[in-house]
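# Close look at the chain arrangement
Here are the chains, one letter per residue:
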Amino acid sequence: MRELKLMKGNEAIAEAAIRCGTDGYFGYPITPQSEVMETLMAEQPWKTTGMVVLQAESEIASINMVYGGAGCGKKVMTSSSSPGISLMQEGLTYIAGAELPCVVVNVVRGGPGLGTIQPAQSDYFQAVKGGGHGDYKLITLAPASVQEMADFVELAFDLAFKYRNPAMILSDGVIGQMMEKVELKPQKPRMTEEEIIEKYGDWATTGKTRNRNRNIITSVELSSENMENFNHKLQAKYKKMQEEEVRYESINCDDAEYLLVAYGSSARICQKTVELARAQGIKVGLLRPITLFPFPEKPIHELAKQTKGILSVEMSAGQMVEDVKLSVNGITPVEHYGRFGGIIPSPAEVLEALKSNFLEG
Amino acid sequence: MDIKEIIKEENIVYKKTSVLTDKVMHYCPGCTHGVVHKLVAEVIEEMGLQEKTIGVSPVGCSVFLYDYIDIDWQEAAHGRAPALATGIKRLMPDKVVFTYQGDGDLAAIGTAETIHACNRDENIVVIFINNGIYGMTGGQMAPTTLPGMKASTCPFGREPGQDGHPLKITEIVAQLPGTTFVTRQACHTPAAVRKTKKVLKKAFENQINKRGTSFVEVVATCNSGWKMSPVKANEWMEENMFPFYPLGDIKDI
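Values in this document were obtained by computation on a predicted structure and should not be read as measured data.

### Quick word on the domain arrangement of chain A
Residues and elements named next belong to chain A. Considered domain by domain, chain A is made up of domain 1 (3-184) and domain 2 (248-359). Taken over C-alpha atoms, the centre of domain 1 sits 27 Å from the centre of domain 2. Opposite the 24 residues of domain 1 that make contact, domain 2 presents 21 residues. Of all the elements in the fold, those that place two or more residues in the side of domain 1 that touches domain 2 are α6 (124-128), β6 (139-141), β7 (166-172) and α8 (173-177). With 4 residues, the top contributor of residues to the side of domain 1 that touches domain 2 is α6. For the side of domain 1 that touches domain 2, the per-class residue count stands at 15 nonpolar, 7 polar and 2 charged.

Take a look at the structure:
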């Protein structure tokens with residue numbers, strides 16, 4: 001039986017986390033995502049599934065609690081918004097360096113600094129280019145609906161465990177706060193200690209038994225040669241993700257002469273822009289990256305061959321546009337249109353931007 | 001008498017615990033870390049905890065602690081060990097979890113993680129090595145450096161008005177309702193070593209009995225950082241560190 005509910009994106013994250021068998025959530029309040037932890041605390045999953053929910057003293061502590069839990073082979077996650085995610089960058093690079101799976105949700109708000117509590121997409125670079133120090137990548141998923149907020153929790157965990165790599169759900173204040181209909185999946189059991197030992201016993205700190213060597217979760221390596229080799233291993237992992245995990249949605253792209261590229265709430269706005277444009281006889285399509293890392297380079301490159309111009313639409317001063325340009329590699333003009341600081345563009349103004357860039361003069 | 005006749009099981013009065021690995025420690029001669037590592041390993045062996053203990057090593061001289069004690073380990077970012085330990089213990093409450101941290105790790109960069117773990121009744125053991133200096137990075141001022149004590153970032157001696165005061169973090173965590181056992185020991189004499197082992201055992205027993213945070217400070221020497229011989233460093237510690245950091249149990253509920 002389908003279970004449909006009207007809920008906020010942030011609530012959907014919490015509900016999906018419980019239902020996919022998450023073992024632990026560690027977080028710190030920050031607008032506009034506090035409903036994630038509030039929902040979890042109200043649901044009291046420790047009484048039902050045994051899931052641990054803990055309010056930490058800071059985002060620094062939250063992400064390091066996640067490190068500890070992930071090191072034990074547990075399904076652990078945290079959520080925050082931009083300034084809090086900045087504080088987590090240290091922990092994220094250690095988690096990437098120690099090759100631990102975990103899920104981090106960023107419900108982005110406008111910056112820089114304390115910025116605004118209104119929605120933005122200005123943390124793209126931080127999410128997809130590493131964020132902390134060293135050469136590493138986060139698997140980055142960009143939900144564009146409350147349904148995807150729910151669905152991507154389990155997907156993010158699956159990818160995180162598949163690659164032993166942190167995964168980020170890069171949302172924004174619109175998707176986090178808006179209410180939509182969501183189909184919730186049935187409750188899955190959490191993994192037992194025995195199942196964890198069987199699946200992850202070769203690396204997780206589950207207690208050193210006589211039949212194996214001790215497991216050590218670490219990112220330190222003083223030998224440059226070993227460190228270079230380890231980096232090669234990480235790069236091979238990221239390459240595999242680029243080959244196998246690209247996800248995107250294309251809308252009205254088959255006959256498109258102009259292409260919009262947008263993710264998350266910008267993609268929702270651009271869907272309407274496509275309708276408005278087509279009503280005026282302008283053949284516009286939309287490519288919505290679902291994975292921001294790995295980025296859908298090939299599909300964008302292919303579409304560039306048939307289009308006269310590509311507009312990257314983001315609630316930022318222009319971040320994803322750089323990856324669009326790299327994908328297009330000069331074969332067609334690429335421009336950026338963005339509002340930022342918490343301002344959400346209207347479908348009509350995106351259409352105006354498309355026209356002024358490619359159809360006028 | 002042939003030596004082989006002497007080396008027999010019944011004649012053994014002391015042997016290295018099997019929980020301590022055979023890897024040669026990287027510590028300077030005279031450093032206290034090796035002694036405390038041995039005590040932790042002995043306590044784990046004697047209490048039969050090898051299969052259920054997860055250690056959290058810090059950033060500092062003891063970063064490679066996982067090379068020496070044969071249990072599962074997680075190596076934390078600087079100061080974050082109590083947060084890792086929280087994550088581990090909350091998700092695996094049947095395991096025995098401890099952190100091992102130096103003064104810079106625990107009382108400077110990790111102050112918030114230390115205090116809040118202790119204040120949440122986290123059922124873990126925190127082992128705190130206080131030698132009043134940053135050993136690994138080459139002898140910089142620590143949060144616990146004594147007034148007047150020289151370090152590479154206070155080459156003329158720590159001046160409290162300018163450089164801050166030495167932090168008695170152990171007295172601070174003793175104030176918190178989440179701690180059950182807070183003690184300060186040293187390893188400068190055989191008797192002190194035995195006493196430190198005794199409190200470590202008690203700390204691990206507290207965890208098994210779900211009694212909240214046990215916090216064991218060991219006032220330690222860093223003769224390289226202090227630029228003294230091992231013997232002189234021990235004397236200097238007694239004369240200068242102990243009056244400021246007096247040994248003994250601070251809290252025992």
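What follows picks up the thread again.
### What about the sheet that holds strand β10 (residues 248-251) of chain A?
Residue and element names in this part refer to chain A. Overall, mixed pairing links the 5 strands, which are arranged β10-β12-β11-β14-β15 in an open sheet. The sheet terminates laterally at β10 and β15 (334-338), the two strands that pair on one side only. In this sheet, adjacent strand axes meet at a mean angle of 20° when their direction is disregarded. Pairing between β10 and strand β12 (residues 284-289): 4 bridges, direction antiparallel. Residue pairing for β12: E249 is matched across the bridge by R288. In the packing of helix α12 (residues 297-304) onto the sheet, the strands contacted are β10, β11 (258-261), β12 and β14 (309-314), and the crossing angle to β12 comes to about 165°. The strands that helix α14 (residues 347-359) touches are β11, β12, β14 and β15; relative to β14, the one it contacts most, it runs at about 145°.

### Some words on the confidence of the model for chain B
It should be kept in mind that the predicted coordinates are not to be read in detail where pLDDT is low. Averaged over all residues, the pLDDT of chain B is 97; the fraction at 70 or higher stands at 100%. This prediction of the complex comes with two scores: 0.97 for pTM and 0.96 for ipTM.

### Re helix α10 (residues 230-244) of chain B
Residue and element names in this part refer to chain B. Taking 1.5 Å per residue, 15 residues should reach 21 Å; α10 reaches 20 Å between its end C-alpha atoms and fits that length. The largest bend along α10 measures about 35° and falls at M237. Looking only at α10, the buried set comprises A233, M237 and M241. Lining the buried residues of α10 we find β8 (213-219) and α9 (223-226).

### Focus on the packing of helix α3 (residues 81-91) of chain B against helix α5 (residues 111-119) of chain B
Residues and elements named next belong to chain B. In contact at an axis separation of 7 Å, α3 and α5 are set at 35° when each is read in the N-to-C sense. Taken together, the residues of α5 that come into contact with α3 (itself represented by P82, A83, A85 and T86) are E113, T114 and A117. Of the residues contributing to the contact of α3 with α5, the split by class is 4 nonpolar, 2 polar and 1 charged.

### A short note on the interface of chain A and chain B
Facing 32 residues of chain A, the contacting portion of chain B comprises 28 residues. Among the elements of the structure, β2 (24-27), β3 (52-55), α3 (59-71), α5 (89-97) and β9 (216-217) of chain A are those that each provide at least two residues to the side of chain A that touches chain B. Counting residues per element, the side of chain A that touches chain B draws most heavily on α3(A), which supplies 8 residues. Its residues placed into classes, the side of chain A that touches chain B shows 13 nonpolar, 13 polar and 6 charged. Direction of pairing for β9(A) relative to strand β2 (residues 72-75) of chain B: parallel, over a ladder of 2 bridges. Bridge pairing links A:I217 to B:Q74 in β2(B).

Reading the values: the criteria
- Residues numbered from 1 in each chain as written.
- Chains lettered and ligands numbered in written order.
- Predicted model: local features only at pLDDT ≥ 70, side-chain atom pairs only at ≥ 80, totals over all residues.
- Domains from an automatic or database assignment.
- Contact = placed C-beta atoms within 7 Å.
- Helix = DSSP H or I, 4+ residues; strand = E, 2+ residues; numbered from the N terminus.
- Nonpolar A, V, L, I, M, F, W, Y, C, P; charged D, E, K, R; others polar.
- Pairing = 2+ DSSP bridges.
- Axes fitted to C-alpha atoms, helices over the stretch in contact; angles between N-to-C directions.
- pLDDT = per-residue confidence, 0-100.
- Expected span 1.5 Å × (residues − 1).
- Bend = angle between axes of the 7 residues up to and from the residue.
- Buried ≥ 20, exposed ≤ 12 C-beta atoms within 10 Å, placed from the backbone.

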